[in-house]
Amino acid sequence: MSRADGTRTADELATLVALLGRRMRAASAEAELTPSQQSVMGRLGHEGPATTAALARRELVRPQSMRATLAALEERGLVVRAPHPTDGRQVVFSLSASGAALLGSGRAARRGWLAEAIEARLTPDEHRALAGVLPLLRRLAQSPQHGNPTGDVPQ
């Protein structure tokens, strides 16, 4: 495959992944959150409590931007703050019960929408072909970032 073919494939895949992501977000109750808010909630749900600075590093944003995102989530009752267990100068944020419920219902809604779309729009052979591509997509998603041989998110 030529470099131009690879570039066209990458462009098409990026466009389709973005469109699929938008469709899935629209299907969930989390659609009323900004993408940044959704990402922070997902990170807190997956990784657990974190400081503003740690979240900012992981999300690759400035601490000021992360403070604004966390303030909006806290105002809606989706995250709560608590004193840092070892450093009294800091606070840690975690999902509230409402935040965890919204995150769970959002995941279920997105998966449900996608499962219904696969069933309604694809033939059984197309469904099998799609399932066969999943290991390739997983390998791409887990590949190191350019210039980052470990694939770790910069801290």
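Let me sum up the structure you'll find in this document. Predicted, not measured: the structure shown is a model, and the values here were computed from it.

Under the defined criterion, the tally for this structure stands at 8 salt bridges. Ionic pairing is found between glutamate 47 and arginine 58, a salt bridge with its closest N-O pair at 3.5 Å. In this pair, glutamate 47 is assigned in helix H2 (residues 35-47) and arginine 58 in helix H3 (residues 52-59), connecting sequence segments 11 residues apart. On the basis of relative accessibility, which here comes to 41%, the residue glutamate 47 falls in the partly exposed class. Relative accessible area serves as the criterion here: at 27%, arginine 58 is assigned to the partly exposed category. Between glutamate 74 and arginine 81 there is a salt bridge, with its nearest N and O atoms 2.9 Å apart.

Among the secondary structure elements, threonine 34 is positioned in the loop between helix H1 (3-26) and H2. For the pair formed by threonine 34 and threonine 69, sequence separation is 35 residues and the distance between their alpha carbons is 9.0 Å.

Next up on the list: H3. Among the residues making up H3, those that are buried are Thr52, Ala54, Leu55, Ala56 and Glu59. Against H2, helix H4 (63-75) and strand S2 (91-95) lie the buried residues of H3. Positioned one or two residues after H3, leucine 60 has a phi angle of 60°, which is positive.

Parameters at a glance
Residues numbered from 1 in each chain as written. Predicted model: local features only at pLDDT ≥ 70, side-chain atom pairs only at ≥ 80, totals over all residues. Heavy atoms only, no water. Salt bridge = Lys/Arg side-chain N within 4 Å of Asp/Glu carboxyl O. Helix = DSSP H or I, 4+ residues; strand = E, 2+ residues; numbered from the N terminus. Buried < 20%, exposed > 50% of the residue type's maximum accessible area, 1.4 Å probe, protein only. Contact = heavy atoms within 4.5 Å.

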